[in-house]
Amino acid sequence: MSVIEVKNLSKIFGKNVKQSIELLDEGKKKEEVLKATGATVGVNRATFNVKQGEIFVIMGLSGSGKSTLIRLINRLIEPTEGSVTIDGEDLATMNKENLRRVRREKLSMVFQKFGLFPFRTILENTVYGLEVQGIPKQERLKKAKEALNLVGLGDYIDQYPDQLSGGMQQRVGLARALANDPEVLLMDEAFSALDPLIKKDMQDELIDLQQKMKKTIIFITHDLDEALRLGDRIALMRDGSIVQIGTPEEILVNPANDYVERFVQDVDRSKVLVAENIMRRPETINIDKHGPRVALERMREEGLSGIYIVDSSRNLKGYLTADAASAAIKQDIRDLNQVLNPNVPTVGLDKPMQEIFDLIHDSQIPIAVVEQKKLKGIIIRGSVLAALARESGVQINV
Amino acid sequence: MGCRSMFDQIPQFPISDWIDRAVNWITSTFSFIFNPIRNEFGDFMSWVADLLEQIPAIVIILIVVVGAFFVTGRKFGLATFSLIGLLFVYNQGLWSELIDTFTLVLIASLLSIIIGIPVGILMSKSRIVETIMLPILDLMQTMPAFVYLIPAVAFFSIGMVPGVFASLIFATPPTVRFTNLAIRQVSTEMIEAAEAFGSTGFQRLFKVELPMAKTTIMAGINQTVMLSLSMVVIASMIGAPGLGRPVLSALQRAQAGPGFVAGLSIVILAIIMDRFTQNIYKK
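Residues numbered from 1 in each chain as written. Chains lettered and ligands numbered in written order. Predicted model: local features only at pLDDT ≥ 70, side-chain atom pairs only at ≥ 80, totals over all residues. Heavy atoms only, no water.

> Summarise the overall build of chain B; cite the residues concerned and give the values.
What chain B contains, in helices and strands, is 13 helices and zero strands. When the helices and strands of chain B are placed in sequence order, the string is α-α-α-α-α-α-α-α-α-α-α-α-α. Taken along the three principal axes of its C-alpha coordinates, chain B extends 70 × 65 × 45 Å. Put simply, chain B has 283 residues, and 45% of those count as buried. The long-range share in chain B, meaning contacts at least 24 apart out of those at least 6 apart in sequence, stands at 77%. (Helix = DSSP H or I, 4+ residues; strand = E, 2+ residues; numbered from the N terminus. Buried < 20%, exposed > 50% of the residue type's maximum accessible area, 1.4 Å probe, protein only. Contact = heavy atoms within 4.5 Å.)

Laid out in structure tokens, this is it:
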């Protein structure tokens, strides 16, 4: 089911708007319109649907119109033509009051440079969207705190934005957007201002959160890697037009035109994939704190058949299967050391993916990525295959 | 030559006559407004000044010194200066003049702020209001300050009230300008954040724009306070009480000594008020 339907959405900046629109309708390109009328085409008749619960990524280089497009959706920029339908209501033509209601109840936005109010504390920032709705104080503070707990910032409520790191600030941005409990999250290059490691953490966290929340997310990025990682579907933009919409697989295997193909090539050539790029955050059990019962419970919760065991400083101890855990419980063994399997396949952070592929082929359990004996992440078969598919997709098209 | 004689043939426009007539007309037509303002407001100001003069000088000095200590972040510089400066004024027998001047500046500045901030907000919100206001502000600031004294006397006679009126015209522009500028300078991302969460115009103004603009607006208020202090001295020419009077009379009698002492007292008051307002907005 579509939550948002965008139809023929266009934005012309400058003069001769009417004439320019006519030219666009005739199928003229951005450059031709600029030459003929002097007007700049921000977005050229964008049409797409976003389904309930999907992450829809809009990707393009700077100047491709992606930031304009996301602002046309919540009408921070007035569309020149076209419609944006949410739950049967057209945002593009509704009056100010209705627009305000939709923005308050259905759409929230996360900004590239966070957009936090420097004079408000973290809690006061998070509560903003609820405050303007006039929700009673107790209730809105409660909701804001819940949102902050969700992004792991429950302890920072009285700090000011400039006291937090970039990654934490963007968590606040996310919490502020989530506090309203909107149907749709608009994320404008939300992780682009963060350094690469934090960025990856945030991407993982967004995926985790998304599994719990099932929001509909429109995510803008210029980073193909990010698009592939997050997107259920990806729309590629160039010169204000959407040139291709598809799943990551479709985009990689069948680039719609030269532009998409070059994009795909450039990104993957610049990047030789190593273990660090494809690893995931592992579920772990702390041997110093937990016993087999906790381990089994955790596996049941997460739907795993086994789990990695670490000590309090995250040194890798071994792997515990669900069978071994139940056996231990039956025999009343409390010490995990007696039941775990210490011989697990490990690789370093910089292990090339090609070699990991061979390793994982022979292994029944996820591969542990370690740095100086500390567990950094795990690699499961699926993520290697996905990454390989990406590479071979490119090779096919070279 | 021909050109010149042609210009000479045009009679001089009687602009000054027109303005005279306009001022007379305004004075007589609106006297029902001006008279109560002069009486009631004048009474109110005298009441404030009397009230302040009732308080023993030493109490006021102590309050200022302690205030200076805390407002500057527990430093002794301004506190020491205030102590010595105010004791000097007291010692020179200019205490009641100081209180009069302070009352005038305080009330003129408060009125400037009450009028200036809303006007600045309107300017920031409307291109048209801005286009109209900018030349008016230029005029208010560049016209020699003495010129305002003349209609001030016509409207409000002599004393404190016309002093405040002249000071209002002269000192309000910085608050207006800084408010306008400060709100226009609020970053697009802040505005977008406010809008994206469905703020109304008022919510955007009071919850985002004014808090973001606060520091710059306070800088404008500081300018306003300083300008109204300088105007209040000039206003002594139309009978406004305060430290301007001894300066004026020293000038008329060519007495360098008393003139310098009174001038120094004005400087002391100016520095204390400036540092107070500056430190308040730096917080």
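> Got a sec to walk through the layout of surface pockets? Specific residues and values, please.
All names here are of chain B. Approximately 570 Å³ is the volume attributed to the second largest pocket. As for the second largest pocket, its lining consists of 25 residues, and the residues nearest its centre are F102, L106, I272, M273 and F276. Where the lining of the second largest pocket is concerned, the elements lending two or more residues are α4 (57-71), α6 (95-125), α11 (201-234) and α13 (256-282). Looking at which element gives the most residues to the lining of the second largest pocket, the answer is α6, with nine residues. Classifying every residue of the lining of the second largest pocket gives 22 nonpolar, three polar and no charged. (1 Å grid on protein atoms, 1.4 Å probe; cavity = no way out; pocket = protein on both sides within 12 Å on 5 of 7 lines; lining within 4 Å. Points joined across faces, edges and corners; volume = space filled by probe spheres on them. Nonpolar A, V, L, I, M, F, W, Y, C, P; charged D, E, K, R; others polar.)

> I'd love a proper account of the environment of P352 of chain A, names of residues and values included.
Residues and elements named next belong to chain A. Looking at the element boundaries, P352 is found in the loop between β14 (346-347) and α16 (353-362). Accessibility expressed as a relative area gives 31% for P352, which makes it partly exposed. Linking P352 and V274, residues 78 residues apart in sequence, is a C-alpha distance of 4.3 Å.

> Pulling in residues and values, what's your account of a nonpolar patch on the surface?
All names here are of chain B. On the surface, I55, I58, V59, L62, I63, L83, I84 and L87 cluster together into a nonpolar patch covering about 690 Å² of accessible area. The element best represented in the nonpolar patch is α4, accounting for four residues. For L83, the location among the structural elements is in helix α5 (residues 77-91). (Patch = residues over 30% accessible without salt bridge, like charges linked within 9 Å, V, L, I, M, F, W, Y side chains within 5 Å. Areas by Shrake-Rupley, 256 points an atom, 1.4 Å probe, with all protein chains shown as cover. Salt bridge = Lys/Arg side-chain N within 4 Å of Asp/Glu carboxyl O.)

> Go over unusual backbone geometry, please, and point to the residues and values.
All names here are of chain A. A positive phi angle, close to 50 degrees, is found at D239, a residue other than glycine. Structurally, D239 can be placed in the loop between β9 (233-238) and β10 (241-246). Phi at R314 is positive, roughly 65 degrees, even though this residue is not glycine. Considering the arrangement of structural elements, one finds R314 in the loop between β12 (306-310) and β13 (316-321). Given the relative accessible area of 34%, R314 is considered partly exposed.

> Give a description of the nonpolar core that names residues and reports values.
By size, the foremost hydrophobic cluster in this structure holds 51 residues, and its most contacted members are L86, W95, L98, L104, I217 and I221 of chain B. Elements that contribute at least two residues to this core include exactly α3 (31-54), α4, α5, α6, α9 (160-184), α11 and α13 of chain B. Broken down by element, the residue count for this core peaks at eleven residues, all from α11 of chain B. Not counting chain neighbours up to four residues away, the residues in contact with W95 of chain B comprise A57, I60, I61, L86, V89 and Y90 of chain B. Counting 44 residues, the second largest nonpolar core, distinct from the first, contains L130, A147, V172 and A179 of chain A. (Core = buried A, V, L, I, M, F, W, Y, C linked by side-chain atoms within 4.5 Å.)

> Give me the environment of Q185 of chain B: which residues, what numbers.
Looking at the secondary structure, you find Q185 of chain B in the loop between α9 and α10 (188-196). Q185 of chain B sits 31 residues away from T216 of chain B along the chain, and the two C-alpha atoms are 9.8 Å apart.

> Please provide a residue-by-residue account of empty space enclosed by the protein, values included.
Residues and elements named next belong to chain A. What the rule picks out here adds up to one cavity of 30 Å³ or more. Space inside the largest cavity adds up to approximately 40 Å³. For the lining of the largest cavity, the elements supplying multiple residues, two or more each, are α8 (166-179) and α9 (196-213). Top element by residues in the lining of the largest cavity is α9. It accounts for four residues. Grouping the amino acids of the lining of the largest cavity by side-chain chemistry returns six nonpolar, no polar and two charged.

> How would you sum up the packing of aromatic side chains? Please name residues and give values.
All names here are of chain A. Within this structure, the stated rule accounts for 18 aromatic pairs over all chains. With centroids separated by 5.5 Å and ring planes inclined at 55 degrees, the aromatic side chains of F191 and F219 adopt a geometry described as tilted. Residue F191 is found in the loop between β7 (184-188) and α9, and its partner F219 is found in strand β8 (residues 216-221); the two are separated by 28 residues along the sequence. Given the relative accessible area of 1%, F191 is considered buried. Taking relative accessible area as the criterion, F219 reaches 0% and is therefore assigned buried. One cation-aromatic arrangement involves R176 over F117; the distance from NZ or CZ to the ring centre is 5.4 Å. (Phe/Tyr/Trp six-rings, centres within 6.5 Å; stacked < 30°, edge-to-face > 60°. Lys NZ or Arg CZ within 6 Å of the ring centre and 35° of its normal.)

> A description of the interface of chain B and chain A should follow, citing residues and the corresponding values.
Each partner contributes residues to the interface: chain B has 16 residues there, and chain A has 26 residues. Of the roughly 1800 Å² buried between chain B and chain A, counting both surfaces, carbon and sulfur atoms make up 62%. For chain B, the biggest contributors to the area lost against chain A are E189, F197 and K207 of chain B; these three give 39% of the whole. Across the contact surface, chain B and chain A share three salt bridges. For R103 of chain A, the salt bridge is made with E195 of chain B, and the minimal N-O distance between the two is 3.1 Å. Joining chain B to chain A, the criterion identifies nine residue pairs in polar contact (both at pLDDT 80 or more). Elements with a minimum of two residues in the side of chain B that touches chain A: α10 and α11 of chain B. (Buried area = accessible area lost by both parts, 1.4 Å probe. Polar contact = N/O pair within 3.5 Å; in protein donor to acceptor, adjacent residues only side chain to side chain.)

> Pulling in residues and values, what's your account of the pairing of strand β1 (residues 2-13) of chain A?
Residue and element names in this part refer to chain A. In terms of strand pairing, β1 meets strand β2 (residues 40-51) through eight bridges, oriented antiparallel. By the bridge assignment, I12 is partnered in β2 with V41. The pairing of β1 with strand β4 (residues 81-86) spans five bridges and is classified as antiparallel. From the neighbouring strand, K7 faces β4, where its bridge partner is S83. (Pairing = 2+ DSSP bridges.)

> With reference to specific residues and values, describe the sheet that holds β10 of chain A.
All names here are of chain A. If you trace the six strands from one edge of the open sheet to the other, you get β6-β7-β8-β3-β9-β10, paired in mixed fashion. Each edge of the open sheet is held by one strand with a lone partner, namely β6 (107-110) and β10. Ignoring which end each strand starts from, the neighbouring axes of this sheet average 20 degrees apart. (Axes fitted to C-alpha atoms, helices over the stretch in contact; angles between N-to-C directions.)

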